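Residue-level listing of the chains:
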Amino acid sequence: MMGTRVKQYIIYTLQLLGLSLSLFAQQPGKNNLEDLDATLRQGQLGNGFTYYLKQNTEPAGRVEIIFSVKAGYYQQDERQTEYAHLLEHMGTFHTGRYPELRKFTDSLGIYNYARTGYDNTMYTITLPSDDKEKMNAALDIVYEWADNILLREKDIKVQSGAVIGEGRSKDPYQEWLLDTLSNIVLSNTKTDLIDRAKILRSMRNVDLKALTDFKNKWYRPDLEAVIIVGDIKLDSLERVVRGQFKDLKKGTCADNPEGYNKKNKVEPDGINQYHIVQDSTDKSPRVIIIKRQLNHERYVQSEKDLKQMLWQELSLNLLQEQGKYLTMQYDPPFDSYTNSFRSNTIADGQLQTSYFQVFLEEPFSIKQKMIQLFEAEQSMKNNLDGELLDQVKDNIFRELTAKNNNSYSIAKRLHRNFINGNISWTPEKYKHKLKEILDGIELSDLKKYINNQWDYSANTDFIFFNIPPSRLPNHKDMMKWYQEGKKLAARKRPFVLNKIDSIPNRFSPVVTKSSELPDENVIGIRKVTLSNGIKLIFKPSEPAIKNYENRVSMNGYKEIPLTLDDPAAYLAISHAPNLMFYGDVGDYSKFEIAEFMLVHDMNLTYRTAKNQFLIEGGFRSPEFRQFINLFYLYLAKPKYNMKAFELWKNKQKDQVDNKYYDVMRKELIERFRYTELPGLTSEHIEEITYKEYKRAYQKFFANLNGFTFIFTGDFNSEKFIPEVMHYFSEIQTFPIEDQKVSETYAYNFKKFHETVECKNTNQAIVELSFPIEVIRNPENQVLLDLLSYRLNEMIFDRLRVGSYTPYAQGEWVDPAHNIYAFNISFDSELGNQDRMIEYALEEFRKLRKNGITSDWLETTISHKLSKYGRGLETFWLLNMWPDFLKIYERNENEGVKIVLEYETILGHFVKVADVNKAAKKYLSEEKRQDLIIIPGK
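Here goes a summary of the coordinates provided. Keep in mind it's a predicted model, so treat the numbers as computed, not measured.

What follows deals with the overall build of the protein chain. Broken down by element type, the protein chain carries 31 helices and 24 strands. Rg of the C-alpha trace for the protein chain: 29 Å, near the compact-globule value of 30 Å for 937 residues, within the 12% margin. When the backbone C-alpha atoms are referred to their principal axes, the protein chain occupies close to 80 × 80 × 60 Å. Out of the 937 residues in the protein chain, the part that is buried amounts to 56%.

In structure tokens form, the structure reads like this:
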């Protein structure tokens with residue numbers, strides 16, 4: 001119950017280093033000449049500057065550029081805490097030739113950003129390949145980064161404030177917890193511990209000379225490289241690059257950054273640590289066990305390193321699979337597990353850390369829980385089998401040879417080659433070596449390796465939360481329990497998760513013919529309302545990248561059909577689907593269903609937003625019948641499971657008592673900007689019975705009458721749409737005579753100023769909204785989009801000094817009543833929010849008064865036309881069509897008109913005077929809404 005909060009902070013990401021058939025550059029002295037990739041050009045100029053050029057057409061028409069520097073956090077001295085990061089900010093925004101670099105790149109429609117690592121700094125530029133002007137500009141920018149980053153005190157003040165903003169946690173508990181665990185892991189290493197107070201002091205008192213010294217010492221040609229990958233012409237580009245960068249002057253310092261890296265090299269010391277931590281937020285007694293060892297993914301510079309990496313990868317994948325199966329039960333032996341806890345952030349990824357968490361019951365059942373954990377951990381090792389090993393081998397081989405062969409991923413791998421000399425074999429040799437090594441690894445040898453590497457008698461941290469010091473186990477007792485657990489595992493029958501091959505079909509064969517398809521409108525949308533009251537909308541589009549081929553999204557919605565005058569009934573119906581989707585269904589447990597969806601690349605979730613049910617799903621189009629059968633199970637056959645119901649109630653109570661930052665912020669925005677909906681309390685959770693939830697679910701939610709389902713993505717309309725129509729038409733629905741849709745739930749189109757105290761934040765969070773009534777048509781949509789885009793630029797530039805990600809956006813907050821709002825959001829150090837609000841209002845008023853310029857309009861139109869066109873035609877993680885169709889579902893003509901006329905109006909019929917007139921008309925403070933969230937008790 002109380003530990004749910006902690007679980008949600010654990011990072012379950014196992015990131016492969018990304019060695020792939022691509023393609024690495026030849027490093028002098030690292031590989032033989034026959035290992036060179038023939039399509040790669042690599043060279044070094046007389047001043048030491050290095051270049052890598054590779055022709056690649058995935059995706060076509062695009063170029064990725066990375067500028068690499070062999071200097072990062074490790075190269076800082078005592079005066080320069082966080083200066084590597086600050087200098088990266090300065091370079092991203094200000095150079096001698098381009099004092100306002102971001103505005104210059106935006107004007108050209110090219111994208112740039114940067115990141116600071118422990119041993120490197122990386123700047124990136126993305127641009128189209130068919131524009132010579134943009135390529136020349138990009139190379140100029142790289143030259144500026146190499147030699148001409150502008151360090152002005154006024155800019156340093158802004159960017160140091162931005163660094164502070166980035167380091168300011170949205171949730172202080174999360175920050176405290178992860179910092180505490182990380183520092184315990186690092187406590188016996190040479191790496192500096194996390195000291196956020198020191199970073200804050202350093203950024204508030206930047207020494208310009210020390211910053212200049214860092215730049216001059218480390219930003220020098222022999223430590224720099226440009227990497228260009230994409231749809232390029234190698235010969236001509238190589239001539240340009242050699243000519244452009246030969247004039248970079250050699251640095252006066254000859255210090256080697258590798259010495260600084262070695263000083264921070266981590267070597268496990270073999271010691272087990274035992275700590276007690278008092279947690280004043282989550283008072284549940286628990287133990288977290290972190291096993292640490294060297295991470296062999298970090299440096300792969302030889303065939304020997306590759307072997308070590310593959311042994312580790314196989315081990316991690318196998319154990320993760322076994323751990324996943326053990327947690328797929330209502331009473332698992334441990335509460336959470338990952339073998340890649342903070343793998344990228346602890347000591348620059350030098351350590352591989354595995355993590356277990358176990359909750360202790362009163363009166364601190366430590367011995368029993370530890371033996372149970374060690375028994376489960378050993379059973380994970382014992383239950384490895386050849387079939388699973390072969391499956392994992394195939395997955396790793398496929399991942400390493402086929403994944404991420406797009407230009408950006410290749411460029412990142414070449415970046416690591418330059419920074420630390422990671423292997424640079426040809427695609428053919430790399431693929432051959434992978435297969436050779438993987439084929440040579442036997443299960444018996446791997447089991448020995450795993451038992452040796454994951455031995456908890458050394459290099460393990462046992463961190464106990466909220467137990468008395470007298471209860472802290474000593475090393476001798478812990479090792480005794482460890483041996484007892486291992487012995488029990490040898491005698492216990494392994495846990496087996498029943499896997500589902502397919503969901504039984506409950507639908508008749510498809511008989512709908514493609515000739516019976518609903519008519520397609522001029523923008524490719526088809527709509528039909530079935531006889532059972534279900535409305536279907538279809539809009540296919542092309543996947544932007546290969547991974548999204550055949551990917552289809554389903555977005556269903558329906559207003560919650562109850563008046564707000566009956567809060568108890570409203571709560572029952574609005575939360576019932578969450579419960580039913582949480583538990584078992586049909587003849588299957590929730591865990592079997594979860595595994596089935598993972599294997600079949602499906603997702604199916606429920607949530608409520610404002611006053612609507614939302615059903616969201618994703619699947620591959622050939623798997624639709626499996627998906628719809630699964631969906632039908634949840635509609636017709638949710639199954640009572642007492643354990644599931646109790647766990648669901650505990651989870652809901654924890655969420656009520658400990659709202660996380662994003663949830664809290666969203667709920668507060670909706671509370672004040674919309675009619676306040678009844679909120680679930682701990683008392684409601686206990687009072688409402690399972691039967692009441694299920695009755696409400698069957699009557700209002702499982703009955704799909706009145707639902708609209710939008711299908712978007714990559715599908716063949718003539719084949720897919722008849723399937724969907726047929727299956728949905730066979731789902732039985734019925735009218736609800738007593739259903740009442742609340743007429744009192746509406747957007748709050750009134751001025752207000754509210755300050756709210758919340759316990760789960762340590763900063764001020766500000767949400768400013770400026771709603772207006774405006775007629776929806778293509779002309780106004782274009783003008784509103786341009787104004788919101790410009791407002792966002794101005795807010796970002798002005799508020800960046802004290803905020804991490806200040807932004808402004810425009811949205812239709814109440815489309816049915818033609819209400820649009822400009823929204824400004826930012827965080828601030830507590831006590832600074834009033835000044836930041838004034839800054840935001842100054843920028844808002846400045847835009848209203850002064851409008852925009854012709855130069856800005858010209859460059860912005862080009863940028864927005866390109867982005868809008870891509871959004872219409874393709875999708876990946878970002879898919880504009882579901883939200884668009886939901887807004888315009890009730891007025892098809894309005895939506896069609898906007899799609900057809902938007903680009904024409906934007907490209908040919910918008911003038912500066914039009915935008916400036918709209919600014920004066922629509923940037924109104926008449927209904928201004930201020931919501932300020934500050935820390936409370």
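Okay, the sheet that holds strand β20 (residues 764–773) next. Strands sit in the order β19-β24-β20-β22-β21 across an open sheet of five strands; the sheet is mixed. At either end of the open sheet lies a strand with only one pairing partner, and these are β19 (752–758) and β21 (807–814). Going from strand to strand, the sheet's axes swing by 20° on average, the running direction of each strand aside. As judged from the seven bridges shared by β19 and strand β24 (residues 929–935), these two strands associate in the parallel manner. Residue pairing across strands places E757 opposite I934, the latter belonging to β24.

Below, the discussion takes up the pairing of strand β17 (residues 612–620). Of all the nine residues making up β17, seven are buried; the element is thus mostly covered by neighbouring parts of the structure. Examined bridge by bridge, strand β16 (residues 603–609) and β17 share seven bridges and lie antiparallel to one another. Its bridge partner lying in β17, L604 is registered against G617. Between the antiparallel neighbours β16 and β17 lie two residues, among them K610 with a positive phi of about 55°.

In this section: the packing of aromatic side chains. A complete count under the given rule lists 66 aromatic pairs for this structure. Ring geometry for Y52 and F418: centres 6.4 Å apart, planes at 80°, overall edge-to-face. Taken together, the residues span a long stretch of sequence, with Y52 in strand β2 (residues 50–55) and F418 in helix α14 (residues 407–420) at a distance of 366 residues. Under the relative-accessibility criterion, Y52 is labelled buried at 0%. Here the aromatic rings of F374 and Y456 are separated by 6.5 Å at their centres, their planes lie at 55°, and the arrangement is tilted. Linking F374 in helix α12 (residues 366–382) with Y456 in the loop between α16 (443–453) and β11 (460–465), this pair joins segments that are 82 residues apart in sequence.

Bringing the sheet that holds strand β9 (residues 336–338) into the picture now. The strand order across the open sheet built from five strands is β7-β11-β8-β10-β9, with neighbouring strands paired in mixed fashion. The open sheet terminates on both sides in strands that have one partner only, identified here as β7 (273–277) and β9. Within the sheet, the average angular offset between the axes of one strand and its neighbour, ignoring direction, is 15°. With respect to the sheet, α12 is in contact with β8 (286–294), β9, β10 (351–359) and β11, its orientation differing from that of β10 by roughly 135°.

Time to look at unusual backbone geometry. Here the bond from E58 into P59 is cis, since omega is 5°, no more than 30 degrees from zero. By the secondary structure assignment, P59 is in the loop between β2 and β3 (62–69). Despite not being glycine, D348 has its phi angle at roughly 55°, a positive value. Along the polypeptide, D348 turns up in the loop between β9 and β10. Judged by its relative accessible area of 10%, D348 is buried.

What follows deals with the packing of helix α3 (residues 101–108) against helix α4 (residues 132–147). Viewed as axis vectors pointing N to C, α3 and α4 meet at an angle of 165°, and their least axial separation amounts to 11 Å. Accordingly, the angle class assigned to the pair α3 and α4 is roughly antiparallel. Classified by chirality, the crossing of α4 by α3 is left-handed. Contacts between α3 and α4 involve L101, F104, T105 and L108 from the former and E133, K134, A137, I141 and W145 from the latter. Taken together, the residues that form the contact of α3 with α4 break down as six nonpolar, one polar and two charged.

Summed over all chains, the structure comprises 53 salt bridges. Between R204 and E829 there is a salt bridge, and its shortest N-O distance comes to 2.3 Å. In this pair, R204 sits in helix α7 (residues 196–204) while E829 sits in the loop between β22 (819–828) and α27 (833–850), placing the two residues 625 residues apart along the sequence. Judged by relative accessible area, R204 falls into the partly exposed class, the value being 44%. Residue classification places E829 among the partly exposed positions, given a relative accessible area of 36%. Its salt-bridge partner being D222, residue R220 comes within 2.9 Å of it at the nearest N-O pair. Note on R220: relative accessible area 2%, which makes it buried.

Nonpolar side chains tend to gather and get buried jointly when the protein is soluble and globular. L536, M554, F624, F631, F709, F711 and F728 are the most contacted members of the largest nonpolar core, which totals 74 residues. For F711, the residues in contact, after removing those within four places along its chain, are L536, I537, F538, K539, V552, S553, M554, F619, F624, F720, V724 and F728.

The subject of this paragraph is helix α9 (residues 234–245). Taking 1.5 Å per residue, twelve residues should reach 16 Å; α9 reaches 16 Å between its end C-alpha atoms and fits that length. Residues of α9 that are buried include every one of L234, L237, E238, V241 and F245, and no others. All buried residues of α9 fall inside an arc of 105° around its axis, so they share one side. Summarising the contacts, the buried residues of α9 are in contact with β1 (40–44), β2, α4 and β6 (224–230).

What counts and what doesn't
- Residues numbered from 1 in each chain as written.
- Predicted model: local features only at pLDDT ≥ 70, side-chain atom pairs only at ≥ 80, totals over all residues.
- Heavy atoms only, no water.
- Helix = DSSP H or I, 4+ residues; strand = E, 2+ residues; numbered from the N terminus.
- Rg over C-alpha atoms; globule rule 2.2 N^0.38 Å.
- Buried < 20%, exposed > 50% of the residue type's maximum accessible area, 1.4 Å probe, protein only.
- Pairing = 2+ DSSP bridges.
- Axes fitted to C-alpha atoms, helices over the stretch in contact; angles between N-to-C directions.
- Phe/Tyr/Trp six-rings, centres within 6.5 Å; stacked < 30°, edge-to-face > 60°.
- Contact = heavy atoms within 4.5 Å.
- Parallel < 35°, antiparallel > 145°, perpendicular 65-115°, else oblique.
- Left-handed = near helix turned anticlockwise from the far one by under 90°.
- Nonpolar A, V, L, I, M, F, W, Y, C, P; charged D, E, K, R; others polar.
- Salt bridge = Lys/Arg side-chain N within 4 Å of Asp/Glu carboxyl O.
- Core = buried A, V, L, I, M, F, W, Y, C linked by side-chain atoms within 4.5 Å.
- Expected span 1.5 Å × (residues − 1).
- Arc of directions from axis to C-beta.

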